[in-house]
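The residues making up each chain are set out below.
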Amino acid sequence: MKATPALITGTFTLYATLFSIIFFSPDSAEAFVPGVSTGARIVLRAAAEISDGAGVSEAFELFATFVLKKQIEFIERVETLDGSGTKFSMDSWGSGGSGTGTGGITRVMQGGDVVEKGAASVTVVRDGILSADRAAAISTRRAGTSGIVPREGDAYCAAALSVVLHSRSPMVPTFRSDVRMLLVRRDRTDECLAWYGGGADLTPYYLFEEDVTEFHGRYRDVCISHFGGDGRTTYDTMKLGCDDYFYLPARDERRGTGGIFFDDLDSETGAAGKSAGPFVRAVANEWAPSYEAIVGRRRDLEYGERQRQWQLLRRGRYLEFNLLYDRGVRFGLAGINPRVEGVMVSAPPLIAWEYNHNVEEGSDEAALMKVLKKPKKW
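One structure accompanies this document, and this report is about it. What you see is a predicted model, and the numbers here were worked out from it, not measured in a lab. (Residues numbered from 1 in each chain as written. Predicted model: local features only at pLDDT ≥ 70, side-chain atom pairs only at ≥ 80, totals over all residues. Heavy atoms only, no water.)

## Thoughts on the overall build of the protein chain
Argument step 1. Looking only at helices and strands, one finds 10 helices and 11 strands in the protein chain.
Argument step 2. With 378 residues in all, the protein chain has 58% of them scored as buried.
Argument step 3. Considering only residue pairs separated by 6 or more positions, the protein chain has 76% of its internal contacts joining residues 24 or more positions apart.
Argument step 4. In the form shown here, the protein chain has an accessible surface area of approximately 15,000 Å², with 51% of it arising from carbon and sulfur atoms. (Helix = DSSP H or I, 4+ residues; strand = E, 2+ residues; numbered from the N terminus. Buried < 20%, exposed > 50% of the residue type's maximum accessible area, 1.4 Å probe, protein only. Contact = heavy atoms within 4.5 Å. Areas by Shrake-Rupley, 256 points an atom, 1.4 Å probe, with all protein chains shown as cover.)

## With respect to the environment of E209
Argument step 1. Topologically, E209 is positioned in helix α4 (residues 209-227).
Argument step 2. Assessed through its relative accessible area of 40%, E209 is described here as partly exposed.
Argument step 3. Along the backbone, E209 and T257 are 48 residues apart, and their C-alpha atoms lie at a distance of 9.9 Å.
Argument step 4. Once residues lying within four places of it in the same chain are set aside, the contact partners of E209 are K376 and W378.

## Examining the pattern of salt bridges
Argument step 1. Within this structure, the stated rule accounts for 26 salt bridges.
Argument step 2. The salt bridge partner of R180 is D263, with a shortest N-O separation of 3.1 Å. With a gap of 83 residues between them, R180 in strand β6 (residues 174-186) and D263 in strand β10 (residues 258-266) connect regions that are remote in the sequence. Each member of the pair, R180 together with D263, is buried.
Argument step 3. Each of R176, D178, R180, D201, R255 and D263 takes part in a single network of salt bridges with overlapping partners. (Salt bridge = Lys/Arg side-chain N within 4 Å of Asp/Glu carboxyl O.)

## Thoughts on unusual backbone geometry
Negative phi characterises most residues that are not glycine, and trans characterises most peptide bonds.
Argument step 1. A positive phi is found at D252, a non-glycine position, where the angle reads about 55°.
Argument step 2. The topology assignment puts D252 in the loop between β8 (247-248) and β9 (253-254).
Argument step 3. Using a relative accessible area of 38% as the deciding quantity, one classes D252 as partly exposed.
Argument step 4. If you check the backbone angles, N356 has positive phi at about 55° while not being a glycine.

## Remarks on the packing of aromatic side chains
Argument step 1. Enumeration over the complete set of coordinates arrives at 15 aromatic pairs.
Argument step 2. On the numbers, 6.3 Å between centres and 35° between planes, the contact of F63 with F66 is tilted. Placement of the pair is F63 and F66 together in helix α2 (residues 56-82), with a separation of 3 residues, close to one helical turn. In terms of burial, F63 and F66 fall into one category: buried.
Argument step 3. Judged by centre distance (6.2 Å) and plane angle (45°), the ring pair of F321 and Y325 falls under tilted. Both residues of the pair, F321 and Y325, belong to the buried class.
Argument step 4. Note that R220 overlies the ring of Y235, its terminal NZ or CZ placed 4.6 Å from the centroid.
Argument step 5. Directly above the aromatic system of Y318 lies the positively charged group of R255, at a separation of 3.8 Å from the ring centroid. (Phe/Tyr/Trp six-rings, centres within 6.5 Å; stacked < 30°, edge-to-face > 60°. Lys NZ or Arg CZ within 6 Å of the ring centre and 35° of its normal.)

## Examining the packing of α2 against helix α6 (residues 276-298)
Argument step 1. Interhelical geometry of α2 versus α6 gives an angle of 5° and a closest axis separation of 11 Å. With respect to α6, the axis of α2 lies roughly parallel. Contact residues: F63, F66, K70, F74, R77 and L81 in α2; V280, R281, A284, N285, W287, A288, P289, Y291, E292 and V295 in α6.
Argument step 2. By residue class, the composition of the contact of α2 with α6 is 11 nonpolar, 1 polar and 4 charged. (Axes fitted to C-alpha atoms, helices over the stretch in contact; angles between N-to-C directions. Parallel < 35°, antiparallel > 145°, perpendicular 65-115°, else oblique. Nonpolar A, V, L, I, M, F, W, Y, C, P; charged D, E, K, R; others polar.)

## Thoughts on the side chain of S290
Argument step 1. Mapped onto the elements, S290 comes out in helix α6.
Argument step 2. Taking relative accessible area as the criterion, S290 reaches 0% and is therefore assigned buried.
Argument step 3. At 2.9 Å, the side chain of S290 forms a polar contact with the side chain of Y219.
Argument step 4. A distance of 2.9 Å separates a polar atom in the side chain of S290 from the backbone oxygen of W287.
Argument step 5. Not counting residues up to four positions away in its chain, the partners in contact with S290 are F175, F215, R218 and Y219. (Polar contact = N/O pair within 3.5 Å; in protein donor to acceptor, adjacent residues only side chain to side chain.)

## Overview of the state of the cysteines
Argument step 1. Enumeration over the complete set of coordinates arrives at 0 disulfides.
Argument step 2. For C192, which is in no disulfide, the shortest distance to another cysteine sulfur is to C157 and amounts to 8.7 Å. (Disulfide = S-S within 2.5 Å.)

## Topic: the side chain of E365
Argument step 1. With respect to the helices and strands, the residue E365 is situated in helix α10 (residues 364-373).
Argument step 2. Look at E365 and you get buried, because its relative accessible area is 5%.
Argument step 3. In this structure the side chain of E365 is engaged in a polar contact, spanning 2.7 Å, whose partner is the side chain of Y206.
Argument step 4. Polar contacts involving the side chain of E365 include one to the side chain of R306, which spans 2.8 Å.
Argument step 5. Leaving out residues up to four positions away in the same chain, E365 has contacts with Y206, R306, W310 and V359.

## Looking at the pairing of β6
Argument step 1. Counting buried residues in β6 gives 13 out of 13 residues, a clear majority hidden from the surface.
Argument step 2. Because side chains alternate across β6, one face comprises the buried residues T174, R176, D178, R180, L182, V184 and R186, and the other comprises F175, S177, V179, M181, L183 and R185, equally buried.
Argument step 3. In this sheet, β6 lies alongside strand β5 (residues 155-167) in antiparallel orientation, the contact comprising 11 bridges. Each residue of the ladder has a partner; that of Y156, found in β6, is V184.
Argument step 4. Hairpin connection of β5 to β6: 6 residues between the antiparallel strands.
Argument step 5. One ladder, built from 13 bridges, connects β6 with strand β7 (residues 191-203); its direction is antiparallel. Counterpart to L183 in the pairing with β7 is A194. (Pairing = 2+ DSSP bridges.)

Below, the structure is given as structure tokens:
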């Protein structure tokens, strides 16, 4: 039976990123994804992210500036890598992320030679007010950590950059990544709490172990360079968090071969410990190099209709995860008058489902499924 692809295209405006900043973490994933390990949570007590003693608010503005600049830099590198002349569209809303207000910029590429569809989206929220539900969600997720307990009415700021690149060739994997920061402030006491999240992961259609090993090695090296002797343990925990979050429990398989995924990396002024801010920026700085190397090796490999159909079937799993299990997407779609184009910004451009598809034993497709069923150390 030949798969019938379903087309999902459009120009997108980011709105759901705000929800994912607040709700997206391996901690609260336990409520949605069976099998998530409580050991997947990382909490690092961090000094102010800049060494001259600037406060948390200044650190937030520095991070907001960083994600806006990183979006431009990353897009330039992807357009060069793609080489087709296809450009990312520009869709701004609110303040566009700059200045003092709330806003964002969604950039989308469609129809490239390497990137069939890609999105790089920035959201910056300033002077938000926590609702009772959001405050409760944060408090539950952060149970057992230090700092103020977020309450209804607390002010918050949030900034995030999220990226997805869906490849045209089934020999090139899909790449997903994000970095984010949330700051909560209690007006009556001026107490602040800020933390980071983010990660990077691969969703290949055919397994090239060299690519996956190199990809994981790059982010392992970032962990080691920033956390020294604790770096390997930090990477192992973040890898577990990634494997556990991007999991389809009904099918007992992971969406891809993972990478790193982290949340609750605290940045508390005056606290002793490791510095989370430079680590998060280093993760974002590794995105383009980690993907460019793989594309360079695989973009010109030949493939046929069988490989393309398998890619579309695996993209169906990608969308299946987003709709059924991803907290940011589910929360965004459940809102009143949701901006569907923004919520669905990470959806693949073309997908397929096939009833009772059987993977041939000993095939290249089976080699991938073995790893998705049972993640391995890379």
